[in-house]
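Each chain, written out:
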Amino acid sequence: MPTPGYVFKDGGPIPDSDLKDPPNPSNQQTGATSAMEQVDEQPMSRTRTNASNVSSNSNSVTSIMNTPTSSASGSNVPSDSHALASADDHEIKGAVQTNHEEGEVRDMGWNEHPHDVPKNLVGGLPNEELWTLVRRFNKQMYHVKATNQQMIGGLDCYIVDEDEFSPDKLRSNIERLYMTVVIGMMGFGKHIARLRSWREPRRTGAFAAAYFIAWVFNFLMPLLFTTMIVLIVYPPARTIMFPPVPLALVSSKTGGVQTPQAGVLGSHDSATGAPEKHKGEAVEQEAHNFVSGIGSIALSSAAGKHEQADPESDPLNSSVPDPTAIATDAAAAKQSAQGKQPEPHHDKTKQPMEQAMWLKMRPIMHVIGDIADGWERFGNALSPTPPFPRDTPRLKLAVVLVPAVAVSLLVTSAMFMKGVTAGIGFGFFSDPLIWRGLDFLNKKVPDWQKYLEIRNTLLAGIPTNAQLTITLLRIGEANKAPIPPPPRSDQPPPSKPASLNGDDLAIDASNEEIHDAIHKDPADKAAEEEETASQAEKKKHRHGEHILGFFKGTTKTGVNTKFGVDKVRAQIGSETAKNQLGVLPKGDDPEVSGPVDFKGRYKGSKGWIYISTNVPIPTVSFSNKSSDGTGLEPENASAKFSVPIQDIRELKKVGGLGWKAKIVVGWATGKTVADGLEIVDKKGDTYKVTAVRLREELFNRLVAMGGQKWESW
């Protein structure tokens, strides 16, 4: 196993290619090399990371990040993300940004324990936070397309208006909304509860004195805007005015210490305080359960679960499985059983209502995503992450509030109300004038709404978490040191409290009270274990569980039989069967860890996807021959396809099985399905690799390597 810092000499293309039409180097511009190699050869042409010159130096980066195939003027301008990633003057440098060896790929610990990975892979960002960003990026990005359009806000990897709708994307956006807005507002509410409780008398007294003094002199609004400016410009003021305390440790009712809902304080930033193996996992699991809870309530409502007419005790009802836990058409079955449901083909409302709901889901998904994006941008403006500028975003936000302070000093409450009522009257009675003005704008500036969006004005150049993540991934690729994937483990998190120093908590509670709150009471722990054992014993004796177990075993046999038949069908040429070979990896089958080669299949054939960068034209290719284990180019390999990185125009994650088949297979076998990836080149040819256990890592490398500007679909 290569140690962290190991150098892969991926020295060239796959030899003995049996491609009928191999990539033609003559199609490339004279002397054109990959973006990453040009960075190494032309260090003097890199841009600087200062906010004042990232935009001004965009032209100097054009030669670095421009794709050989681009011709449009918009495509000649790289995004700010490419410029920042390829800069060589980062103020703080991490492991991937130092000790760079020309033209060689370094393994920074792709298969190592997290403690053995170099600390601070990227300068200014702990590894735990970096891996949190990558995990959430993996859940958010499904399908990207290269674009030649110039970025209005300076950053690529934005969500297009024509984004495809899917329930899984809706789930991802709702989870993001929970992890950003819901958790943020929950923290704000608990700060308010702490202030109102007077459990921190000095802090609450200072707030009260400032408020009433400003009230006496009619200075409330100037005080509010001035306080906001101080919080924005001077970050230490945030911890002084609002000392952080673990979210789950504070009661929203009393403002004092409470026992976390999970029974133990295993994480600091989650609402329940549940334990976690790595930073951010607890709140991610909360977001997952938040969406699952919404779905369960909706399904329970549709199915009539716990209806008032149900008897209080029914042995048969308690012994059968919960119909809301296995997605069935329970609502229709229940209505039919009560005689209230006509035959489906007589129901003229079903199809129109379902169609209307699905049509409205995409704009709803976009609204949820835009809210989460806006929250992330404000967070990254207030607390920037290197290599993004540190001071400029905060100053931009503060400058906007300076006129508000001046206006609040000059405008009286009567003048304010006069202006508000005048605006209401204008909006109500000026409809023809408003529409004429909008028509004029639509003719003269068709996309005028986009130029007014906050992401393209006040927050221009400030990334969402996804845009931040792809920039960090590009830093690794620019330095030939790909970012290692987040740690993976099937073991549950330890049920023990997270480290906490009670003396450092700005909350009125003794160390004994805090200790009792964050640790499980021995009596409660014993009662919980007894309850768990009792539930397990009851489960063994339920007839419904035996029936369910029988069907589970039968289903597992059917699944194994189906995949056995697929092998036969694949041998006789079935493309569908070929794409499903290997999607259920064997338990003893080790994962190929990359970063140069990734185990997978192409048209059903076993092999490896190779990423070769130390060549004139970096490529991604597939071969049936393995490397010698060190990442060197394979011996006597035969490439089934080879695509230059810069020619990739589209990347799309595809499932190894359909979503319904995944549910059945996952329930029956308990195995994780290995998914696939579609690669589309500039000619429109599609190459689909399947059964790639490290699909997310392969996607991240390909999306971060070239000079393409991506749109998220």
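What you see is a predicted model, and the numbers here were worked out from it, not measured in a lab.

Enquirer: Any chance you could break down the overall build of the chain for me, citing the residues and the numbers?
Expert: Looking only at helices and strands, one finds 24 helices and 12 strands in the chain. Looking at the 713 residues of the chain, the share that counts as buried comes to 43%. Intrachain contacts of the chain at a sequence separation of at least 6 include 72% that bridge at least 24 residues.

Enquirer: Can you break down the pairing of strand β5 (residues 597-602) residue by residue, with the values?
Expert: Of all 6 residues in β5, 5 are buried; the element is thus mostly enclosed. Pairing between β5 and strand β6 (residues 605-612): 6 bridges, direction antiparallel. Considered in β6, the bridge of Gly600 is made with Gly607. The loop that links β5 with its antiparallel partner β6 comprises 2 residues; one of these, Lys603, has a positive phi angle of about 55°. Relative to strand β11 (residues 686-692), β5 is paired through 2 bridges, and the arrangement is antiparallel. Across the sheet, the residue bridging to Tyr602 is Val689, located in β11.

Enquirer: Break down the pattern of salt bridges for me, with residues and values.
Expert: As a working rule, side chains carrying opposite charge can pair if their charged atoms are close by. The full count for this structure, using the stated rule, is 19 salt bridges. Arg135 is paired through a salt bridge with Glu284; the nearest N and O atoms lie 3.0 Å apart. Of this pair, Arg135 sits in helix α5 (residues 127-140) while Glu284 is found in helix α10 (residues 281-303), placing the two residues 149 residues apart along the sequence. Its relative accessible area of 7% is what places Glu284 among the buried residues. A salt bridge links Asp647 to Lys682; the shortest N-O distance between them is 3.8 Å. On the criterion of sequence distance, the pair formed by Asp647 in the loop between β8 (639-644) and β9 (648-654) and Lys682 in the loop between β10 (675-681) and β11 is long-range, its members being 35 residues apart. Since its relative accessible area comes to 34%, Lys682 is described here as partly exposed. Among the charged side chains, a network of salt bridges with common partners joins Lys653, Asp675, Arg695 and Glu696.

Enquirer: Hey, could you go over the environment of His82 for me, with residue numbers and the actual values?
Expert: Position of His82 among the secondary structure elements: in helix α4 (residues 80-86). Expressed as a C-alpha distance, the spacing of His82 and Asp156, which sit 74 residues apart in the sequence, is 9.1 Å. A polar contact is formed between the side chain of His82 and the side chain of Arg474, at a distance of 3.4 Å.

Enquirer: Now, about helix α19 (residues 511-518): what can you tell me, with residues and values included?
Expert: The set of residues buried in α19 consists of Ile514, Ala517 and Ile518. Down the axis of α19, the buried set is contained in an arc of 85°. They therefore lie on one face. Turned more than 90 degrees away from the buried face of α19, the exposed residues are Glu512 and Asp516.

Enquirer: Break down the nonpolar core for me, with residues and values.
Expert: Burial of nonpolar side chains together is a common tendency in soluble globular proteins. Counting residues in each nonpolar core, the largest one holds 52 residues, and the members touching the most others are Val620, Ile648, Leu651, Val689, Leu698 and Leu702. Not counting residues up to four positions away in its chain, the partners in contact with Leu702 are Ile611, Val620, Ile645, Ile648, Leu651, Leu677, Ile679 and Trp710. Grouped together as the second largest cluster of nonpolar side chains are 10 residues, Phe225, Ile232, Leu397 and Ala398 included.

Enquirer: Just give me the short version of the packing of aromatic side chains, but keep the residues and values in it.
Expert: Applying the stated criterion across every chain yields a total of 9 aromatic pairs. Every member of this aromatic cluster is reached through a ring pair, and the members are Tyr602, Phe622, Phe641 and Tyr687. The side chain of Lys145 reaches across the aromatic face of Trp713, ending 4.0 Å from its centre. Taking the ring centre of Phe699 as reference, the NZ or CZ of Lys653 above it sits at 4.7 Å.

Enquirer: Could you give an account of the sheet that holds β6, with specific residues and numbers?
Expert: Strand order in the open sheet formed by 10 strands is β4-β12-β3-β9-β10-β11-β5-β6-β7-β8, with mixed pairing between adjacent strands. Bordering the open sheet on either side are β4 (158-159) and β8, each of which pairs with just one other strand. In terms of strand pairing, β6 meets strand β7 (residues 619-623) through 5 bridges, oriented antiparallel. Bridging across to β7, Trp608 finds its partner in Ser623. Across the sheet, helix α24 (residues 695-705) touches β3 (143-147), β5, β6, β7, β9, β10, β11 and β12 (709-712), and the angle it forms with β9 is around 160°.

Enquirer: Just give me the short version of unusual backbone geometry, but keep the residues and values in it.
Expert: Here the bond from Pro386 into Pro387 is cis, since omega is 15°, no more than 30 degrees from zero. Inspection of the secondary structure puts Pro387 in the loop between α13 (350-382) and α14 (392-410). Non-glycine residue Ala691 carries a positive phi angle of around 55°. By the secondary structure assignment, Ala691 is in strand β11.

Enquirer: Go over the packing of α5 against helix α18 (residues 465-478) with me, naming the residues and quoting the values.
Expert: Relative orientation of the contacting elements α5 and α18 amounts to 115°, with a least axis distance of 9 Å. Taken together, the axis directions place α5 and α18 in an arrangement best described as roughly perpendicular. Between α5 and α18 lies a crossing whose hand is left-handed. Note on element contacts: α18 touches α5 through Asn465, Ala466, Leu468, Thr469, Ile470, Leu472 and Leu473, opposite Leu130, Leu133, Val134, Phe137 and Gln140. Looking at the contact of α5 with α18, its residues break down into 9 nonpolar, 3 polar and no charged.

Enquirer: Could you give an account of the side chain of Asp675, with specific residues and numbers?
Expert: When you line up the elements, Asp675 lands in strand β10. Classification of Asp675 by relative accessible area gives buried; the value is 12%. One polar contact links Asp675 to Arg695, side chain to side chain, over a distance of 3.4 Å.

Enquirer: Go over helix α23 (residues 659-669), please, and point to the residues and values.
Expert: Considered for burial, the residues of α23 that qualify are Val665, Ala668 and Thr669. Buried residues of α23, viewed axially, fall in a sector of 80°; they line one side. Among the exposed residues of α23, those oriented more than 90 degrees off its buried face are Trp659, Lys660 and Ile663. Looking one or two places after α23, you find Gly670, whose phi comes out positive at around 70°.

Enquirer: Kindly report on the side chain of Arg394, identifying the contributing residues and their values.
Expert: Summarising the element assignment, Arg394 is placed in helix α14. Owing to a relative accessible area of 10%, Arg394 belongs among the buried residues under this scheme. Once you skip the residues sitting within four places of it in the chain, Arg394 turns out to touch Ile232, Val233, Pro235, Arg238, Ala381, Leu382 and Pro384.

Enquirer: Describe the environment of Ala248, and please don't skip the residues or the numbers.
Expert: Take Ala248: it is sitting in the loop between α9 (236-241) and α10. With 13 residues separating them along the chain, Ala248 and Gln261 place their C-alpha atoms 7.3 Å apart. When neighbours within four sequence positions are excluded, Ala248 is seen to be in contact with Lys190, Gln258, Pro260, Leu265, Ser270, Ala271, Thr272 and Gly273.

Enquirer: Which residues make up the pairing of β7, and what values do they have?
Expert: Counting buried residues in β7 gives 5 out of 5 residues, a clear majority hidden from the surface. Every second residue of β7 is oriented toward a common face, with Thr619, Ser621 and Ser623 on one face and Val620 and Phe622 on the other, all of them buried. Hairpin connection between β6 and β7: a loop of 6 residues separates the two successive antiparallel strands. Summarising the sheet, β7 and β8 pair through 5 bridges and their orientation is antiparallel. By the bridge assignment for β8, Ser623 is matched with Ala639.

Enquirer: Mind laying out the confidence of the model for the chain, listing which residues take part and the relevant values?
Expert: On average, residues of the chain carry a pLDDT of 77, and 73% of them reach 70 or more. Here residues 313-317 is a poorly scored stretch, pLDDT under 50, and it has 0 contacts once near neighbours within four places are set aside; other chains count.

What counts as what
- Residues numbered from 1 in each chain as written.
- Predicted model: local features only at pLDDT ≥ 70, side-chain atom pairs only at ≥ 80, totals over all residues.
- Heavy atoms only, no water.
- Helix = DSSP H or I, 4+ residues; strand = E, 2+ residues; numbered from the N terminus.
- Buried < 20%, exposed > 50% of the residue type's maximum accessible area, 1.4 Å probe, protein only.
- Contact = heavy atoms within 4.5 Å.
- Pairing = 2+ DSSP bridges.
- Salt bridge = Lys/Arg side-chain N within 4 Å of Asp/Glu carboxyl O.
- Polar contact = N/O pair within 3.5 Å; in protein donor to acceptor, adjacent residues only side chain to side chain.
- Arc of directions from axis to C-beta.
- Core = buried A, V, L, I, M, F, W, Y, C linked by side-chain atoms within 4.5 Å.
- Phe/Tyr/Trp six-rings, centres within 6.5 Å; stacked < 30°, edge-to-face > 60°.
- Lys NZ or Arg CZ within 6 Å of the ring centre and 35° of its normal.
- Axes fitted to C-alpha atoms, helices over the stretch in contact; angles between N-to-C directions.
- Parallel < 35°, antiparallel > 145°, perpendicular 65-115°, else oblique.
- Left-handed = near helix turned anticlockwise from the far one by under 90°.
- Nonpolar A, V, L, I, M, F, W, Y, C, P; charged D, E, K, R; others polar.
- pLDDT = per-residue confidence, 0-100.

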